[in-house]
Every structure is written in C-alpha cells, then in structure tokens.
Amino acid sequence: MGKGSGKDIQYLLVGMFFLALLIYNYPILMLFGKGKIFGSLPTAWVFIFVSWTLFIGICYLLIDRKSRTR
Amino acid sequence: MSLDIQCLVIVLVAYFVLLFILATYAEKRERLKKSIVNNPIIYALSLAVYCTAWTYFGSIGRASTTGYGFLPIYLGPTIMAPLCYFILLRVILISKDQRINSIADFISARYGKSTWPGVIVATIALIGIIPYISIQLKAIVFCLDVLSGYGFKADLSAPIYEDKALYAAIILAVFTILFGVRHADPNERHEGLVTAIAFESIFKLVAFLAAGIFIVFGIYNGFDSLFEAAAAHPEAGKLLDLTEESTSGQSWFFLIILSGLAVFLLPRQFHVAVVENTNPAHLKKAMWLFPLYLLLINIFVLPIALAGIMHYSGTSVEAETFILQLPLDYNHPALALIIALGGISAAASMVMVAVTALTIMVSNNIFTPIMIRTKQASNLYISEFHRSLIGIRRVIVLAILLLAFGFYKSVSQEYSIVSIGLISFAAVVQFAPALIGGIIWKRGTQTGAVLGMIAGIFVWMYTLPVLNLIEVGFLPIEIKEQGLFGFSLLKPNQLFGLQMSDNISHAVFWSLLINISVYYFGSLFSRQTLIEAAQADYFVDFKKYYKAAGEYEVIRRSASVKSLKFLLSRYLGEPQVKRIFNEYENQNQIKISDTETASTELVNFAETNLAGALGAASARVVIKSVVHESAISFDELLRVLDRTQEAIIYSNKLEQSQTELEDATNQLRQANSQLKELDTLKAEFISTVTHELRTPITSIKSLANILIENDDIDTDQSKKFLSIIAEESDRISRIVSQVLDTEKAQIKVKNDSEGFQPLNLSNILKKTISALAPIAEKKKVKLGFTQDVEEATILGNFDNLMQIFINLISNAIKFSPDVDGRVEVTINDTGQSLLISIADNGIGIQANKLQLIFDKFVQVQDGAEGKPSGSGLGLYITKKLVEQHDGRIWVESKTGEGSTFFVVLPKHTQNAW
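Residues numbered from 1 in each chain as written. Chains lettered and ligands numbered in written order. Predicted model: local features only at pLDDT ≥ 70, side-chain atom pairs only at ≥ 80, totals over all residues. Heavy atoms only, no water.

**Brief notes about the overall build of chain B**
Within chain B, the regular secondary structure consists of 33 helices and twelve strands. Summarising the internal contacts of chain B: among those between residues at least 6 apart in sequence, 80% fall at separations of at least 24. By element, 58% of the accessible surface of chain B is carried by carbon and sulfur atoms, the whole surface being about 41100 Å². (Helix = DSSP H or I, 4+ residues; strand = E, 2+ residues; numbered from the N terminus. Contact = heavy atoms within 4.5 Å. Areas by Shrake-Rupley, 256 points an atom, 1.4 Å probe, with all protein chains shown as cover.)

Right, here's the structure in full:
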C-alpha cells in the first residue's frame, strides 16, 4: 500500500463500510447463497465466514497497523 | 441425565466468588495506579458484552428456523466497524473532556446541557432495556432448569419465593451494587466491573467454542460429515442455503442497520466503549478484535442448530436449549455445566453493565434534576448529598432488576429471546439521529432532538410493543385488523398502508424515518440558545477546542473559591474536592486561595467534575446557584465582532488608499514625462520662432541702416527697400499673431459651442477656395472642388470654420510640388455627418509623424529645404477647432505620393426633435 495520509485512510475506511454493506446484502449475497463447496460445506456459510475474516484483516491493516507505523 | 442441584449451586457460588476476587484485585491495582484495564485487549473483550444470552441461546434458536437469519446481528457491527472508529473516537474524546458518563448525558450535553433531552433518553433506555434484562433472567433460569433435568417449563404457579429468577435478579443486583455503584466517581469508571466482564467474555467464548467443537467433532466427524448429514435431513437440509424464503433481503438489510447502530447506542455498549475507555488509542485494536470475537462466537451456531434439529426434531426440546441438551444427552454433564456457566456469564455481564449504565442515567438525568430543583427552593446546599446519591443509586439498581423480574413473570415467557432483544434494539436506535446528527450537524437543536426522539419512540411503541400486546390478547385485535379508531392507514403492522417482510423492519423503517424527519425539520424551524450553540460548535468542531481550550469561551462565569469548594464538597465529598483543586493547581501551575474569585476556567473545571457525578444538566443547575454568570453578553460578543469588523474596514481602507496612491503616482509620472516632452518642444519652438523672427528683423535692420547711412539712394531704390521692410514686418506680425492664436484656440475650445449657428459648409469651402486661388495660381497648383451632397448644413462658427479650411488647404498648396501640383477638395455625405477631404500630391508625411503632426509645436520638415516652415501651431489649432465642432480630423499619407486630410463634422438636421 502507498503512503496514505490520515485523510486517505478515512476515505478507505468509509469505502470499506459501503463495500461491506453491499456484499453482505441481497442481491450480491444471493450469488453465494446456494450450493456446496469443498465437499459438502454450504457455499453461503463458507463465503460469509471467509469474507468476514478477510474484512477483519483489512480493518486491522487500515486502522491498527497503518496508524501505528505513521 | 441431569446434575445434582447442590453441586450446581456450589459451582455457581464458586464462579461468582472468582469474579468477585478478580474484580477486587483490579480495583486494588487501580488504586495503586497499575491498572490492568488500561489495555486494548481488555477493552475489546469488554465490548463483547454485546454477546449476551441472545448470542448463546437465542441465535441457535433463530438459526433452527431461519438458517442464516441470526447473522445480520453480528455482521452489522462488523460492517459498521470502520465508521464506528471515527464516531466512537470523537464521542470518547468529547466525553472525556466534558466528563460525560452516559448516552443520556451525551445527548443532554450536546443540546445545551439541558434536562429534557436527558430525561427522554433515560426514559427510552429504561423502556427499551428492561425487557432485554428480563430475557437474560429467563436464560439464567432455563440454564439451571435444563441442567437440573426439569426441561424448560416455566412454573408460573409456584410461589414467588421459589422462583429462581428472583434470586438471580437479587444476586445480580448485589453484584452490580458492589462493582457498578460503589462510589460516585466523577469519571464513573469501574475497573472491577470491566475486569469481571472481560473475564466473562473470555469464558463465554471458550465455553461456546468447546460446545461447538464437541458437537461438530465429538458427535459428528467434523464439519463435512455434519453438513452432509444435515443435507440429507428433511428439516435441517432446508437451512443450508440462503434464500428469500428463510430470511428475506429486506429483513436482512434492516437487521444489519439495526445492529450496526445498536452496537454503540445500547446504554451498556456506550458505557463500556466510551465511559470505561481508559485510552482512546485502544479503539484501534478493538475495531478489529471485536469483529473477530463476533466471528469466532458465530462459527458454530449453524452447525449446533443443525445437529439439534437432527436430534430433537419432533420432540419437545426447544431449539434455544440445544447447546445444553446435546452434551447432557451424550453423557458429558461437566461440559454441559461449563457451557451453562458460559451462558450465565453472558447473561450476567450484560445485566451488570446494562443496569450500571441505566442507573447512572436514571440518577443523573431523572432523579438529580428533580432533587436539585425541589431542594434548591428550600435549602440551597443539600447536606450530605454525596452519601444520598449513592443510596439513591442502589435503590435504582434494585428497582430496575425487580422491574425486569416483573416483566419476566408477566410477558417474557411468551416470546423468544431474539424477538424481545430486537424490540430493545429498535428502541435504542431512536438515539441515532440526535447523537450522530449532534456530532456532524451544528444546526441540530434541542427542540428537534427531543421531538424526534419522542416521535420515534411513539412509532416504535405502536408498531412493536402494542402490536405484540394485541397478539397475546392484552389489547383488542380490531386495532390490528381495522387500524386504530378504524383508520385502515393506522394498522400497527402496516402503517400508512406499507407492508414489509416483518414487523421489525417495518418498525425500524417508520420510526427512524419519522424520527429523522422530525429532528431535521424541527431543528430548522427552531432556534438554539447561546449555550446550545456553544455546545453544538464544541461537539461538531471538536478539534479546534481540543487544541486551544478556553479560547472559545462564550460564557463568562465567576464565583468565590470558597463557595465553589463548599458546593462541590456537598456533592462529591471533602477528599474528592481536595483532589480536584490540587489537580487544577498542578495543571495550571498556580495556587488558589479561598478568598479569591474563581476564574471562568476554574468554574468550568469544577462543573465538568461535578458533571461526572450528577450529569451535565444537573451540574449546570447546581453550579449556577453560586456562580455569577455574565453570558459573555451579546454586547461583549458584538464588541469583539465590532473590533474585528473595524479591523477589516481599516485594512480595506488601507488597501484602497494604497491603490489610489499608486494611481496618483502613475499619473504624476505620466504628467512629468509629458511636461518634459513639452519643455523640449517649447525650447525647440522658441528657437524656431526666434530664428524665424530674426531673419526678417535682420533684413529690416540692415535695410533701415542702409537708408539711414546713404543719403544718395534714389527714390526707386529706397521705395524697394521700404516695401521689403513692410513685407518683412508683415511676416513678423503674422508669426506673432499665430502664436497668439494658439492661446486663443485653447480658450475657445473651453467655451465650446456658444454662438454656433447653422451654416452651409459647401459655401464656406467655396469661399475658402476662392480666397486661396491666387496663392495656388502663383505656385501653379491646380485647385479642384467636388461635392457629393445635397444638403450640407452644420452648426458652427463661421470664422473658425474658415480658419480650419484655410489652414488645411494652404498647407496642401504649400506642400504640393512646384511642377504639376494638384489639390482636390471633396465633400461626401456619410449619413449622420459630412466628410471633407483635402488631398495633395506632395511629398507626403513620414509614417512615424502621422500621429504627431496635430500636436502643439510639432513641425513637419519641409522636404525641399530640410528646415521647418511655419510656427508648428497650424495643425494643432486646426484640430482644436474641429473638436470644438464635435468633429474629428486625421490624415492618411504615403511618402512621395501625397497626403489626404480628412475632417468629419456632424450634420445639422433641423427636424431632429
């Protein structure tokens, strides 16, 4: 990631909020609503928890790590 | 399989003793200034008080009917986390600075430190949260019941003293009093309580994960086999996919909004996130650790629900108890006990924090204002208020828990944990417009906020609790079927005819829409008081105050230090007051004596400290009783503004005069160079004129001398000499009169059009030409005149016009060549004016002189002799005379081919008006 200023990170975080709001709502969520993956795991269950983990990782990078290195 | 009831009681007591020891230890460390709570991980864990019995049991219940329908409640806070970071950071900094210690206090402080917003918020919180507390009691009871093998059957007929919920309520009340309401701390921080709930957060997570691991890996062979089995089951199989039928998109969306807001608006969440925060920097870790906690505690919810359905579908076992029933039935009572303890932990931590937060609100925002107002009338200083404040708070704790117990006895039995929890969420989101609006919009007023919240909570009440009361038969069913008073637009589940996927979405939509609208328009149509405007500015533009405290004070206050100390000790106790004053002295490096008058800063400092114990509104009322408040009166404010205004005007003036000065300098410079030029011209002119004069004077003198000295000159000779003398004298007089004409011309132009009369221009030209004909003839120049006009009348002065054309035509003749010279005079009609041109075929004028020849003293070289002839004033005078007649003159020329002078004069039309 580039050298973001405090304002840039603010915009990124607001963007993250809207992105998450979009993917965790219908109709996007319905794209992953049905079927099985990795054997017999439900796609919806896997999608939600994997993307949730990713989202937390990004929050960590943007809020915690980024601001500490500044 | 069940557990022995005595064993259960012993374990429970041991667990609470452990909590007590932990909390006491934390408080001891706090006193030693070695806080264990000052730690981002503890802070994040304390936020997990969000996960209550609802998460523990309710989610599994909801998952068993809706599949993924439990998730929005945890996705909401996760999605909000990036925004929450900014909102909470600002709220925390403001709250620390103003000693705000509840959401009611925050909103009351924002809207002018007045009582009403606080009362409304505290009331809404009480109405909304008491049912929520009651379902925690319900969860504790069913944990005990399931463990002791009764199954969960509410025994309403049993006498009240046999009710486990009552004992649970009392134990929780004692615990809350011990850690939440031990003393009135101006900061309202309770490290013991925070330590206890952080521990409980770890415990409930570990217990829940243990349950999940046991069920998924103990009963089944991992996720794969569990999901495979579920897919084959007729009921469980339906829950694996996310479909519109299991959870509608609308409901999903509104649950995310609801939980995303509730996660910081719930009084207990506000309490742990803001009031108990020890360092705003901890937010950075909490904003990803807390969502991580939510993720971990939710991984096993769906698998446990599926396993439960596969085991108990068709039996009387309730879905909410699957997590306890499964280990018990697989003969793991110890695991079941730990899980139950985790569930009780979740419930107990919620109850303790929620009750503490509500107690602070109710005592600061409802009781204290009442007490201060009533006691103030009879006795200004209430003795020992400090002690009575603690007493009041303890009573409030007990009252809240007993109310929750009452609610549990009367209503909670009928509903699932989740449905009551959601109703509570919908109540507290009514704070959202006032709180979020309050920190981003200065214009938001108290009237708007209060009316918005009242409108919102009424819509909430009608669309949720009233609807539920109708459904259980407490209220007539007609209201739901036909609408209130028979108005079909007022059906509580289809307000204004709007049908939505579920009651919660419907209620959240309408209550928030109406709340926001009333807040917005109410604010636009009402005014802020001075203090409200000051607070609004502070909350919205917080950064500028944070850096420059005191610079933006708009209210001047003073009081005697003695009375201030006296007042404070009534409410906070002597030692606290000493500490506060010491702190102030240290901060400002000053010593304060009792006889002094306290400054505005000291009064404000005292008020913020008092606000910690009494709430912003009450602290203000109390301080007002001893403080002389001269609201930096509008006069003073205006004076400040005036001074600014004056400064601005002054600087504008300076700027203006500077430009004027520059202009003047430029003009002067120009004039100066003109003068210099003129000076040179004048010098040249004088030398020319004197030269011109000397020539005839010399010849006159020498001829006169000859006549005097020689007597023998014959008559013919002397006549010739005398005629030369006369000629030369004429020449001198001509030169002199031309010089005089120059001055006259300038005066004439000023007097402009006086004495003008209508004249026929072609007649004037004809006269001029005939007057000049002899000269032309003498020089053998052909003089031609053509006219292309019918009517050539102009307004003017006859003599002056004659002079114009004599000058121009005689010039033309003068510059014509000796051989084959021609001068052509023409008049043309151009409509509004007449164009006269005088063309010669002489030597022409150099291009660089064209502009100059009309200037004073400028002479054109006589091509033949290379010396000037004439005074250099002819054309200048001509130009002035033309301008006097509102005309224009210019020349076009080519060297060697001749020049043409053009004069334009306006026509005189007799019928112009």
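Now that the structure has been shown, the text picks up again.
**As for the overall build of chain A**
Helices and strands together make up the secondary structure of chain A, namely three helices and two strands. Starting at the N terminus, the α and β elements of chain A follow one another as α-α-β-β-α. Here chain A, with 70 residues, has 44% of them falling under the buried criterion. For chain A, the accessible surface area stands at approximately 3900 Å², while carbon and sulfur atoms represent 71% of it. (Buried < 20%, exposed > 50% of the residue type's maximum accessible area, 1.4 Å probe, protein only.)

**Some details on the interface of chain B and chain A**
Across the contact, 39 residues belong to chain B and 35 residues belong to chain A. Among the residues of chain B in contact with chain A, Ile 79, Leu 242 and Trp 288 of chain B are the three that bury the most area, contributing 19% of the side total. Counting the contacts that link chain B with chain A gives one salt bridge. In this structure, Lys 285 of chain B engages Asp 64 of chain A in a salt bridge whose closest nitrogen and oxygen atoms are separated by 3.3 Å. Where chain B packs against chain A, one counts seven residue pairs in polar contact (both at pLDDT 80 or more). When contributions to the side of chain B that touches chain A are tallied by element, the ones reaching two or more residues are α4 (72–98), α9 (223–232), α10 (249–265), α12 (282–298) and α13 (301–312) of chain B. Of the residues contributing to the side of chain B that touches chain A, the split by class is 27 nonpolar, six polar and six charged. (Buried area = accessible area lost by both parts, 1.4 Å probe. Salt bridge = Lys/Arg side-chain N within 4 Å of Asp/Glu carboxyl O. Polar contact = N/O pair within 3.5 Å; in protein donor to acceptor, adjacent residues only side chain to side chain. Nonpolar A, V, L, I, M, F, W, Y, C, P; charged D, E, K, R; others polar.)

**As for helix α3 (residues 53–66) of chain B**
All names here are of chain B. In this model, α3 (14 residues) spans 18 Å end to end at C-alpha, consistent with the 20 Å of a helix rising 1.5 Å per residue. Maximum bend of α3: about 35°, positioned at Ser 59. With twelve of its 14 residues buried, α3 lies for the most part within the structure. For α3, the complete set of buried residues consists of Ala 53, Trp 54, Thr 55, Tyr 56, Phe 57, Gly 58, Ser 59, Ile 60, Gly 61, Ala 63, Ser 64 and Thr 66. Positive backbone phi, at 75°, marks Gly 67, one or two positions downstream of α3. (Expected span 1.5 Å × (residues − 1). Bend = angle between axes of the 7 residues up to and from the residue.)

**Section: empty space enclosed by the protein**
All names here are of chain B. Summed over the entire model, instances satisfying the criterion amount to four cavities of 30 Å³ or more. As a volume, the largest cavity reaches approximately 100 Å³. Looking at the largest cavity, the residues that line it are Leu 47, Pro 77, Ala 81, Cys 84, Leu 88, Val 263, Phe 264, Gln 269, Ala 273, Met 287, Phe 290 and Pro 291. Element by element, the count of residues in the lining of the largest cavity is highest for α4, at four residues. (1 Å grid on protein atoms, 1.4 Å probe; cavity = no way out; pocket = protein on both sides within 12 Å on 5 of 7 lines; lining within 4 Å. Points joined across faces, edges and corners; volume = space filled by probe spheres on them.)

**Structural notes on the confidence of the model for chain B**
Residues and elements named next belong to chain B. With 88% of its residues at a pLDDT of 70 or more, chain B shows a mean pLDDT of 82. The low-confidence segment residues 862–868, where pLDDT is below 50, has eleven contacts with residues more than four positions distant or belonging to other chains. We note a pTM of 0.68 for the whole complex and an ipTM of 0.93 for its interfaces. (pLDDT = per-residue confidence, 0-100.)

**As for the side chain of Asp 840 of chain B**
Residue and element names in this part refer to chain B. Mapping Asp 840 onto the fold places it in strand β10 (residues 833–840). Here Asp 840 is buried and forms no salt bridge, its nearest opposite-charge partner Lys 779 lying at an N-O distance of 9.6 Å. A polar contact of 2.9 Å, which involves the side chain of Asp 840, links it to the backbone nitrogen of Gly 842. Not counting the four nearest positions on each side in its chain, Asp 840 is found in contact with Ala 812, Ser 816, Arg 822, Val 823, Glu 897, Gly 898 and Ser 899. (Lys, Arg positive; Asp, Glu negative; His and termini not counted.)

**Structural notes on the sheet that holds strand β11 (residues 888–894) of chain B**
All names here are of chain B. The strand order across the open sheet formed by five strands is β7-β9-β10-β12-β11, and the pairing between neighbours is mixed. The sheet terminates laterally at β7 (781–788) and β11, the two strands that pair on one side only. Here the average twist between neighbouring strands, direction ignored, is 15°. Helix α33 (residues 874–884) contacts β11 and β12 (898–906) of the sheet and is inclined by roughly 135° relative to β11. (Pairing = 2+ DSSP bridges. Axes fitted to C-alpha atoms, helices over the stretch in contact; angles between N-to-C directions.)

**Regarding the pattern of salt bridges**
Residues and elements named next belong to chain B. Enumeration over the complete set of coordinates arrives at ten salt bridges over all chains. Its salt-bridge partner being Arg 579, residue Glu 583 comes within 3.4 Å of it at the nearest N-O pair. With Glu 583 and Arg 579 both in helix α26 (residues 574–588), this residue pair falls four residues apart, about one helical turn. According to the relative accessible area criterion, Arg 579 is partly exposed, its value standing at 38%.

**Overview of the packing of α4 of chain B against helix α11 (residues 267–275) of chain B**
Residue and element names in this part refer to chain B. One way to put it is that α4 packs onto α11 with a least axis distance of 9 Å and a crossing angle of 75°. By the angle between their axes, α4 is roughly perpendicular relative to α11. Mapping the contact onto sequence places Leu 88, Val 91, Ile 92, Ser 95 and Lys 96 in α4 and Phe 270, Ala 273, Val 274 and Val 275 in α11. Considered class by class, the residues forming the contact of α4 with α11 number seven nonpolar, one polar and one charged. (Parallel < 35°, antiparallel > 145°, perpendicular 65-115°, else oblique.)

**Describing the pairing of strand β9 (residues 821–829) of chain B**
All names here are of chain B. As defined by bridge partners, β7 adjoins β9 across eight bridges and the pair is classed as parallel. Of the residues in β9, the one forming a bridge with Asp 788 is Asn 828. Turn length for the β9-β10 hairpin, with the two strands adjacent in sequence and antiparallel, is three residues, and the turn residue Gly 831 shows positive phi of about 100°.

**Observations concerning the packing of aromatic side chains**
Given two aromatic rings, one states the distance between the centres and the angle between the planes to describe the pair. In the structure shown here, the tally under the stated rule is 45 aromatic pairs over all chains. The interplanar angle of 20° and the centroid separation of 5.3 Å between the aromatic rings of Trp 441 of chain B and Tyr 520 of chain B together place this pair among those described as stacked. With Trp 441 of chain B in the loop between α18 (432–440) and α19 (446–463) and Tyr 520 of chain B in helix α22 (residues 503–524), this pair connects stretches of sequence that are 79 residues apart. With a relative accessible area of 39%, Tyr 520 of chain B lands in the partly exposed category. Among the aromatic residues, those joined into a ring-pair cluster are Trp 45, Phe 49 and Trp 52 of chain A together with Phe 217, Phe 223, Phe 227 and Phe 300 of chain B. Lying over the aromatic face of Phe 581 of chain B, Lys 565 of chain B brings its terminal NZ or CZ to 5.0 Å of the ring centre. (Phe/Tyr/Trp six-rings, centres within 6.5 Å; stacked < 30°, edge-to-face > 60°. Lys NZ or Arg CZ within 6 Å of the ring centre and 35° of its normal.)

**Structural notes on helix α23 (residues 530–540) of chain B**
In terms of residue burial, α23 of chain B counts as a mostly covered element, since eight of its eleven residues are buried. Buried within α23 of chain B are the following residues: Ile 531, Glu 532, Gln 535, Ala 536, Asp 537, Tyr 538, Phe 539 and Val 540 of chain B.

**Re the environment of Glu 481 of chain B**
Relative to the helices and strands, Glu 481 of chain B is located in helix α21 (residues 478–482). Between the C-alpha atom of Glu 481 of chain B and that of Pro 492 of chain B, which follows or precedes it by eleven residues, the distance is 9.1 Å.

**Some thoughts on a nonpolar patch on the surface**
There is a patch of nonpolar side chains on the surface, built from Ile 5, Val 9, Val 13, Val 17 and Ile 21 of chain B and spanning about 410 Å² of accessible area. Tracing the backbone through its elements, the reader meets Ile 5 of chain B in helix α1 (residues 5–31). (Patch = residues over 30% accessible without salt bridge, like charges linked within 9 Å, V, L, I, M, F, W, Y side chains within 5 Å.)

**Some words on the nonpolar core**
Burial of nonpolar side chains together is a common tendency in soluble globular proteins. Judged by nonpolar contacts, the single largest core of 224 residues is most densely connected at Trp 52 of chain A together with Ile 133 of chain B. The contact partners of Trp 52 of chain A, leaving out residues within four places of it in the chain, are Tyr 24 of chain A together with Leu 71, Tyr 74, Leu 75, Thr 78, Pro 291, Leu 294, Leu 295 and Asn 298 of chain B. In terms of nonpolar packing, the next biggest core, distinct from the first, is built from 38 residues, Val 781, Phe 805, Leu 834 and Phe 854 of chain B among them. (Core = buried A, V, L, I, M, F, W, Y, C linked by side-chain atoms within 4.5 Å.)

**What about a negative patch on the surface?**
Residue and element names in this part refer to chain B. Taken together, Asp 711, Asp 712, Asp 714 and Asp 716 make up a surface patch of like negative charges. With respect to the helices and strands, the residue Asp 716 is situated in helix α30 (residues 715–751). Residue class for Asp 716 comes out exposed when judged on its relative accessible area of 65%. (Charge placed at Lys NZ, Arg CZ, Asp CG, Glu CD.)

**Some remarks on the side chain of Ser 424 of chain B**
Of note, Ser 424 of chain B is situated in helix α17 (residues 417–428). Setting aside residues up to four positions removed in sequence, Ser 424 of chain B forms contacts with Gly 128, Ile 129 and Tyr 132 of chain B.

**Digging into unusual backbone geometry**
Cis geometry is found at the peptide bond from Tyr 26 of chain A to Pro 27 of chain A, where omega equals 5°. Relative to the helices and strands, Pro 27 of chain A resides in the loop between α1 (6–23) and α2 (28–31). Despite not being glycine, Phe 496 of chain B has its phi angle at roughly 55°, a positive value. The residue Phe 496 of chain B is located in the loop between β2 (494–495) and α22 in this model.

**What about the environment of Lys 780 of chain B?**
Inspection of the secondary structure puts Lys 780 of chain B in the loop between α31 (761–779) and β7. Between the alpha carbons of Lys 780 of chain B and Asp 818 of chain B there is a distance of 7.0 Å; along the sequence they are 38 residues apart.

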